[in-house]
Amino acid sequence: MVGDGGRAPSGPRELGRSGVRVPPLGLGCAPLGNLYEPVPEERARDTVRAAFDTGLTYMDTAPHYGVGLSEERLGRVLAGRERASYTLSTKVGRRLRPRAPGEPVQADGFADTPDRVREWDFTRDGIRATLESSLERLGVDALDIVYVHDPEDHIREVYETGFAALAELKREKLVRAIGFGMNHSDLLARFVADFDVDVVLCAGRWTLLDRTAHDDLLPVCERRGTAVVVGGVYNSGLLADPAPGARYDYRQAPPELLARAQRLAEVCAEYGVPLRAAALRFPFGHPAVAAAVVGCATPAEVRDNAELFTHDIPDELWQALVARGLLDEDIPLPVPTPEE
């Protein structure tokens, strides 16, 4: 399915052949785990409530996010809500345990987190234990989607035990859809080719600034019928606000990318479109893309993203970006095809 020419994609989309359906825009819950800075408890809860109010009812979390804090906070808001009213994904690969006395705190970009540490574990028992702990923190008895999280340094374990363990959980109906979540699109493409993958979460590799997934991942997903959820549409913030000092891939953006992002913003402004609105809409030009998830730390950010996603974007903007060399000519654009 291609873009609607000005209008945002609407209605739930199915992930492969799994039967799981998600709205086109979802909530990334890493900020609920105190990513970069503490988020007060009530603000975290209000952020999730705002997601329900604005239709961002696909919610993606992970044990990694605040060593379980994100899952715990999300679970406190989900309690009592009708299970069919939201779609929920978490991840396996990092198993949590209590921090031993004198053991260093594992920050990994998160602040003021529970007294736990992460351990890589792709064994059958480790993945089952990781999922059971996630179910307890989230307060649910099954997950819609589970991704193998960031396995780029554990490829052998994925092939030997990791994916088979996840597939077993799917057969047991503890999980409805399974896949991989990472920012290495080449490895995602390899996994999609080799395994029966329902969905992948690809972060930062299919954006206005990075076409990598177009060249390796998206073609194999389209061929295999694997759905793509896009994360990192703002490339860690550069496409949200291309000001000096902005982050790109979790570190300060290099000057050439900062300049390109600023040019993108200038062209968007000519057409009355905020850069963030274009960044949110761009991934949907490819038919394999089912949804995008955006991280939000406040209710205002949730509402802002929801509003930006519905912003009318003229087809001429995309053509202008191509004409000015800011998008390559072979990139699929979120505009109607001739047969529509």
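Residues numbered from 1 in each chain as written. Predicted model: local features only at pLDDT ≥ 70, side-chain atom pairs only at ≥ 80, totals over all residues. Heavy atoms only, no water.

J.: Please explain unusual backbone geometry as it appears in this structure.
T.: A negative phi angle is the norm for most residues apart from glycine, just as the trans form is the norm for most peptide bonds. At Tyr36, a position not held by glycine, the phi torsion is positive, near 75°. Tracing the chain through its elements places Tyr36 in the loop between strand 3 (25–28) and helix 1 (41–54). (Helix = DSSP H or I, 4+ residues; strand = E, 2+ residues; numbered from the N terminus.)

J.: Can you walk me through the nonpolar core in this structure?
T.: Where a protein is soluble and globular, its nonpolar side chains tend to be buried together. Of all hydrophobic cores here, the largest spans 99 residues; its most connected members are Met59, Leu208, Leu217 and Trp318. Residue contacts for Trp318: discarding those within four places in its chain leaves Leu208, Ala278, Arg281, Phe282, Ile313, Leu327, Leu333, Pro334 and Val335. Core analysis: the next-biggest nonpolar cluster, separate from the first, contains 14 residues, Ile145, Ala177, Leu201 and Ala291 among them. (Core = buried A, V, L, I, M, F, W, Y, C linked by side-chain atoms within 4.5 Å. Buried < 20%, exposed > 50% of the residue type's maximum accessible area, 1.4 Å probe, protein only. Contact = heavy atoms within 4.5 Å.)

J.: Is there a simple way to explain the UniProt feature "domain: NADP-dependent oxidoreductase" (unreviewed entry) in the chain in this structure?
T.: Following the UniProt record, one finds the feature "domain: NADP-dependent oxidoreductase" (unreviewed entry) at residues 24–321. Annotated as residues 24–321, this span is 40% helix and 20% strand, and its ends, taken at the C-alpha atoms, are 24 Å apart. (UniProt positions renumbered as here; feature names shortened; annotations may be inferred.)

J.: Mind showing me how you'd approach the sheet that holds strand 11 (residues 227–231) here?
T.: Hydrogen bonds between backbone groups are what pair the strands of a sheet, and the pairing can be parallel or antiparallel. Overall, parallel pairing links the eight strands, which are arranged 3-4-5-8-9-10-11-14 in a closed barrel. Taking the axes of each pair of neighbouring strands and ignoring which way they run, one obtains an average angle of 25° across the sheet. In terms of strand pairing, strand 11 meets strand 14 (residues 289–295) through three bridges, oriented parallel. Across the sheet, the residue bridging to Val228 is Val289, located in strand 14. (Pairing = 2+ DSSP bridges. Axes fitted to C-alpha atoms, helices over the stretch in contact; angles between N-to-C directions.)

J.: Honestly, the packing of helix 1 against helix 10 (residues 299–309) in this entry has me stumped. Any pointers?
T.: To characterise two packed helices, one gives the angle between the axes of the helices and the distance between these axes. The contact between helix 1 and helix 10 brings their axes to 8 Å, and the two run at 25°. Compared by their axis directions, helix 1 and helix 10 come out roughly parallel. As helix 1 packs across helix 10, the resulting crossing turns out to be right-handed. Mapping the contact onto sequence places Arg43, Asp46, Thr47, Ala50, Ala51 and Thr54 in helix 1 and Pro299, Val302, Arg303 and Ala306 in helix 10. For the contact of helix 1 with helix 10, the class distribution of residues is five nonpolar, two polar and three charged. (Parallel < 35°, antiparallel > 145°, perpendicular 65-115°, else oblique. Left-handed = near helix turned anticlockwise from the far one by under 90°. Nonpolar A, V, L, I, M, F, W, Y, C, P; charged D, E, K, R; others polar.)

J.: Hey, could you run me through the pairing of strand 3 in this one?
T.: Judged from the four bridges that link them, strand 3 and strand 14 form a sheet pairing that is parallel. By the bridge assignment for strand 14, Leu25 is matched with Ala292. As paired strands, strand 3 and strand 4 (residues 58–60) are joined by two bridges and run parallel to one another. What sits directly across from Gly28, in strand 4, is Asp60. As for the winding sense of the linkage, the β-α-β connection from strand 3 through helix 1 to strand 4 is right-handed. (Right-handed = clockwise from strand over helix to strand, strands pointing away.)

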